[in-house]
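Spelled out, the chains give:
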Amino acid sequence: MSQHIEPRRHQAIKHDLAEDKVEDICRQLACSKSWLYKWRGRYDAQNPAWAQERSKRPKSHPTQTSESVERAVVSLHLTLGHNGTGGGVTAITHALTQQGIEPVPSRRTIYRILRRHHKGVK
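Residues numbered from 1 in each chain as written. Predicted model: local features only at pLDDT ≥ 70, side-chain atom pairs only at ≥ 80, totals over all residues. Heavy atoms only, no water.

Chemist: Talk me through helix H5 (residues 89-98); I want residue IDs and the actual numbers.
Modeler: Along H5, the residues classified as buried are Val89, Ile92, Ala95 and Leu96. Seen end-on, H5 carries its buried residues on one side only, within an arc spanning 125°. Seen from the buried face of H5, the exposed residues on the opposite side, beyond 90 degrees, are Thr90 and Gln98. Gly100 sits one or two positions beyond H5 and adopts a positive phi of about 75°. (Buried < 20%, exposed > 50% of the residue type's maximum accessible area, 1.4 Å probe, protein only. Helix = DSSP H or I, 4+ residues; strand = E, 2+ residues; numbered from the N terminus. Arc of directions from axis to C-beta.)

Chemist: Explain the side chain of His77 residue by residue, including any values.
Modeler: Structurally, His77 is set in helix H4 (residues 67-83). Within polar-contact distance, the side chain of His77 engages the side chain of His118 at 3.4 Å. Sequence-distant contacts of His77, that is, excluding residues within four places in its chain, are made with Gly87, Ile92, Leu114 and His118. (Polar contact = N/O pair within 3.5 Å; in protein donor to acceptor, adjacent residues only side chain to side chain. Contact = heavy atoms within 4.5 Å.)

Below is the structure:
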């Protein structure tokens, strides 16, 4: 797909650098002004990869549960279950609070962690 798109981006910038009218460039290439402005903003003569597509995935996941908290949830589930006190979500939430783990994941997140753990064990 990018084999067809990148030359179009290069062509648009070539016309833009030649100071062609934005309207003429957009008409000739059948593109919107916002598309042209986007690639004008990304143009970098020193970087030959400037016209390549960029991932739209977020670079970070600030609300993602940390691995240490996930391990604590699984460990507590197993420990509480073996002790006979029940390894349910309420007991896990209480134990996490007692251990000072902040923020305590929601009930839904704990269920998701346990479900994922059980799928991986089988």
